[in-house]
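Structural overview
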Amino acid sequence: MSTKVQQLKVLARKIQSLPTLPKVVEKLMTMVESPDVSPKDIGKLISSDQVLGARVLKLVNSSFYGFPGRISSISHAIILLGFNVIKGVVLSASVFDLMERSMVGLWEHSLGSAIASGTISRALGLNEPEEISTAALLHDIGKVLVRVSLSADYDKIVDVVNAKQISFREAELEILEVDHAEIGLWLSREWNLPEKLSVPIAGHHDPDGAVKFKDRVAVVHIADAFVRACGVGNGGDPWVGQISRKAWDSIGMDGIDLPKLMRKIMEDLEEVEMFQQAPTG
Amino acid sequence: MQKVPIELVKPGMVLARPITNEAGMALCAEGTELSETIIERLIRMNVSHMTLKGHPVDLGGETKTKEQKAEELKTRFSRVQGDPLMQKVLSAAQNALIELEAEREGDNIGEGGHP
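Every value quoted in this text rests on a predicted model; they were computed, and no experiment measured them.

Looking only at helices and strands, chain B features three helices and four strands. Each helix (α) and strand (β) of chain B, taken in turn from the N terminus, gives the series β-β-β-α-β-α-α. Among the 115 residues that make up chain B, the fraction classed as buried is 34%. Look at the contacts in chain B between residues 6 or more apart in sequence, and 57% of them connect residues 24 or more apart. Accessible surface, chain B: about 6,700 Å² in total, of which carbon and sulfur atoms supply 50%.

This is the structure in structure tokens:
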């Protein structure tokens, strides 16, 4: 454990600077901590950056939040979805801006995981499916950091994946000694993300190790595998990983009609492709 | 269902998915039969693609066959072979793939029904 901490410290030093977030996002992160901030204030702030505003609206209007095409303003979105979701969506809208250009496959994998998580959560009747989707949207954020801030290591990892035919995570452990889940956790702390988001980010490869928010971690873990199963996007390697039986049982996955669920997810995932084709998008 | 660039869309074709603007708001509902006027309006709104019912346009042979898709699906599960839970997930995905492909084919003939 302690070697991991040390390795993260080494990485943190190597990383010099985090991917720069737009000023608006930084402001937002401090603003949402304040108890007397209103949805209107936040809506105003986000809309002051037009590109970001449009991206956020596009995300909240996608089907994984359950109000497709019906949310007309950011303040409306905040009232419907809550601050945690908006915070996560704003973060992904700005961080993944980097990805949409250079890592389309990972962006699609992330969007797909958000969609699948929403569908699984609703099928199981879990609370706050929107927040679970948002955690899934951000679950591989550590990979973005590796790509952006440790690009030489990133190239090495990709080479190892191809040469040894191992998973991206196994290659990360070989090259960096920590994986993107660990890096994602570190990043979510730097960015003050709520635990409801950071715990699933940290635990999506080790759902049995989760102490808190076990349900959410399990859903993101399973959604990750389902999206890979459907062949949507690119999580760094082409394989479906082993789903933890314990996580599967803990949220009662056997209680739902799996073929029906999988069909719904596969159908829903067509939206990922649609996402790229809105006008000017 | 087929994704088609707007240049190839003709009046009478039907939307299989809503068209949304950059903020994700619906501009044109699913099921709309496109007319000359609507298509012109969409061009003015810079809409580049849309998803249509059936398979109205021949875009050339870049689409994968269902056999190819099934083969790729199996390959993606190659690292978790033999695990009963993953076998169950694979079967569900195979089922879903077959059903959706069948639906697409039915769509193409214009029946839209299940076999």
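Turning our eyes to something else, we now look at the confidence of the model for chain A. Per-residue confidence for chain A gives a mean pLDDT of 86, with 91% of residues at or over 70. In this model residues 277-281 of chain A is a low-confidence stretch, pLDDT under 50, and it forms 18 contacts with partners more than four residues away in sequence or in other chains.

Another point: the interface of chain B and chain A. On the side of chain A, 41 residues touch chain B, which itself brings 38 residues to the contact. Between chain B and chain A lies a buried interface of about 3,200 Å² when both sides are counted; carbon and sulfur atoms form 58% of it. It is B:Arg76, B:Arg79 and B:Leu85 that lose the most area in chain B upon contact with chain A, and together they represent 21% of the buried surface on that side. Between A:Glu170 and B:Arg79 there is a salt bridge; the shortest N-O distance is 2.7 Å. Listed by contribution, the elements that provide at least two residues to the side of chain B that touches chain A are strand S4 (49-52), helix H2 (66-76) and helix H3 (84-109) of chain B. Take the side of chain B that touches chain A: its biggest share by element is twelve residues, from H3(B). A class-by-class count of the residues in the side of chain B that touches chain A yields 18 nonpolar, ten polar and ten charged.

On to the confidence of the model for chain B. Residue and element names in this part refer to chain B. Here chain B shows a mean pLDDT of 84. Residues at 70 or above account for 87%. For chain B, the element scoring lowest by mean pLDDT is strand S1 (residues 2-5), at 82; H2 scores highest, at 92. Note that residues 110-115 has pLDDT below 50 and, in this model, seven contacts with residues that lie over four places away or in other chains.

About the thresholds
Residues numbered from 1 in each chain as written. Chains lettered and ligands numbered in written order. Predicted model: local features only at pLDDT ≥ 70, side-chain atom pairs only at ≥ 80, totals over all residues. Heavy atoms only, no water. Helix = DSSP H or I, 4+ residues; strand = E, 2+ residues; numbered from the N terminus. Buried < 20%, exposed > 50% of the residue type's maximum accessible area, 1.4 Å probe, protein only. Contact = heavy atoms within 4.5 Å. Areas by Shrake-Rupley, 256 points an atom, 1.4 Å probe, with all protein chains shown as cover. pLDDT = per-residue confidence, 0-100. Buried area = accessible area lost by both parts, 1.4 Å probe. Salt bridge = Lys/Arg side-chain N within 4 Å of Asp/Glu carboxyl O. Nonpolar A, V, L, I, M, F, W, Y, C, P; charged D, E, K, R; others polar.

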